[in-house]
Amino acid sequence: MENKELKNNRRDFIKKSALLAVAATALPVFKNEMFAEVVSPAETSPFTLPPLPYDYAALEPHIDTMTMQIHHDKHHAAYVTNLNKALVENKLEKVKLEDLLMKASTLPPAIRNNSGGHWNHSMFWNMMKAGGGGGNPSGEIADAINAAFGTFDDFKKKFNETAMGRFGSGWAWLVKLNGKLTVGSTPNQDNPLMDASELKGTPVLCLDVWEHAYYLHHQNKRADYVTAWWNLVNWDEVSKRFKG
Ligand code: MN
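Here's what I pulled together on the structure shown here. (Residues numbered from 1 in each chain as written. Predicted model: local features only at pLDDT ≥ 70, side-chain atom pairs only at ≥ 80, totals over all residues. Heavy atoms only, no water.)

Time to look at the coordination of the manganese ion. At 2.0 to 2.1 Å from the manganese ion lie its protein donor atoms, namely His71 (NE2), His121 (NE2), Asp208 (OD) and His212 (NE2). Read N to C, the donor residues that coordinate the manganese ion are spaced as H-x49-H-x86-D-x3-H. A residue pair is termed long-range when its members are at least 10 positions apart, and histidine 121 in helix α4 (residues 109–125) and aspartate 208 in strand β3 (residues 202–208) qualify at 87 residues. The two residues histidine 121 and aspartate 208 agree in class, both being buried. (Donors = N, O, S within 2.8 Å, 3.2 Å for Na, K, Ca; no water. Helix = DSSP H or I, 4+ residues; strand = E, 2+ residues; numbered from the N terminus. Buried < 20%, exposed > 50% of the residue type's maximum accessible area, 1.4 Å probe, protein only.)

This part is about unusual backbone geometry. The omega torsion of the bond from serine 45 to proline 46 falls at 0 degrees, within 30 degrees of zero and hence cis. Along the polypeptide, proline 46 turns up in the loop between α1 (2–25) and α2 (65–89). Note the cis peptide between glutamate 60 and proline 61, where omega equals 0 degrees. If you trace the backbone, proline 61 turns up in the loop between α1 and α2. At lysine 94, a residue that is not glycine, the phi angle is positive and equals roughly 50 degrees.

Attention now goes to the nonpolar core. Core analysis: the largest hydrophobic core is formed by 58 residues, its most contacted members being Phe155, Phe159, Leu205, Leu207 and Trp229. Setting aside residues up to four positions removed in sequence, leucine 205 forms contacts with Met123, Met127, Phe155, Phe159, Ala172, Trp173, Leu174, Trp229, Trp230, Val233, Trp235 and Val238. (Core = buried A, V, L, I, M, F, W, Y, C linked by side-chain atoms within 4.5 Å. Contact = heavy atoms within 4.5 Å.)

Across all of its chains, the model carries 6 salt bridges by this definition. Put simply, glutamate 89 and lysine 85 hold a salt bridge, and the shortest N to O gap is 3.9 Å. On the criterion of helical spacing, the pair formed by glutamate 89 and lysine 85 is a turn pair, its members being 4 residues apart in helix α2. Of the residues examined, glutamate 89 reaches a relative accessible area of 54% and is grouped as exposed. Judged by its relative accessible area of 52%, lysine 85 falls in the exposed class. As a salt-bridge pair, arginine 241 and glutamate 237 come within 3.4 Å of each other at their nearest N and O atoms. With a gap of 4 residues between them, arginine 241 and glutamate 237 both fall in helix α9 (residues 235–243), about one helical turn apart. (Salt bridge = Lys/Arg side-chain N within 4 Å of Asp/Glu carboxyl O.)

Another aspect to go through is the layout of surface pockets. When its volume is computed, the largest pocket comes out at roughly 210 Å³. Lining the largest pocket are 12 residues, with Glu43, Phe47, Thr48, Leu97 and His118 positioned closest to its centre. Of all elements in the fold, only α3 (97–102) and α4 reach the threshold of two or more residues within the lining of the largest pocket. Among the elements that take part in the lining of the largest pocket, α4 stands out by supplying 3 residues, more than any other. (1 Å grid on protein atoms, 1.4 Å probe; cavity = no way out; pocket = protein on both sides within 12 Å on 5 of 7 lines; lining within 4 Å. Points joined across faces, edges and corners; volume = space filled by probe spheres on them.)

The end-to-end C-alpha separation of α2 is 35 Å, in line with the 36 Å expected for 25 residues at 1.5 Å each. If you look at α2, its biggest bend is around 30 degrees, right at histidine 71. Regarding α2, the residues found buried are Thr67, Met68, His71, His72, His76, Ala77, Tyr79, Val80, Leu83, Asn84, Ala86 and Leu87. Those residues of α2 that are buried lie in contact with α3, α4, β3 and α7 (215–218). Directly beyond the C-terminal end of α2, a positive phi value near 55 degrees is found at lysine 91. (Expected span 1.5 Å × (residues − 1). Bend = angle between axes of the 7 residues up to and from the residue.)

Within the open sheet, the 3 strands sit side by side as β2-β1-β3. Their pairing is antiparallel. Each having just a single partner strand, β2 (180–187) and β3 make up the two edges of the open sheet. Ignoring strand direction, the axes of neighbouring strands in this sheet form an average angle of 20 degrees. Both strand β1 (residues 170–177) and β2 contribute to a ladder of 8 bridges, which runs antiparallel. Pairing of alanine 172 across the sheet is with serine 185, part of β2. On the sheet, helix α6 (residues 152–165) packs against β1, β2 and β3 and is oriented at approximately 15 degrees with respect to β2. (Pairing = 2+ DSSP bridges. Axes fitted to C-alpha atoms, helices over the stretch in contact; angles between N-to-C directions.)

Topologically, leucine 100 is positioned in helix α3. Counting along the chain gives 16 residues from leucine 100 to glycine 116, while the straight-line C-alpha distance between them is 8.8 Å.

As far as function goes, none of this settles anything; it's purely spatial.
Structure representation (structure tokens):
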């Protein structure tokens, strides 16, 4: 008796799930007044916090577990929550993250800051690799780095100087512009995709130099954090972004 009921419930559940799946694929595409482009619901707001691609402890000893927990679960989560809130307040629905960045100069600061925060951190987690990536890049990305900077060490020196030279909070970037690589930085949560950014290009590599990214373990010593971070760089991912 009980078994039969369970079976029926299960069959019901499967039937309902199938219906939901059909309903999901049948969802209409949305048009937005401000963003004339037709977009598909899957890539649009409200946004969700992506999970870390590795354990909190995976980047030890270079970046400690508690920093990763707070950085991802509190800071990145807050950018997502506050972005969704600001979009609701500004009556923006079903917008693409990249579209927000490209119109950042015309949007309220809460949208500019939190859309940048969400985009930048989503990229940043993938710039590092569990168990330590590190080492030197190879293939096309290595050739492009040598062509632009001389040697890999020259590139690292330039990137480090840029990361250290960013006053206050911000990001250091390696970007591709017209096929060529350059290094630069942005303040706050700005990024090179924003219309408002002085630094332009396709982000290939990024480093968060906000104090919240290193203060618990490295305290005020940003240079120690930057040095430690090179042991983690996921060159496969960087190379993919360079080619893409
Ligand atoms: Mn951060």
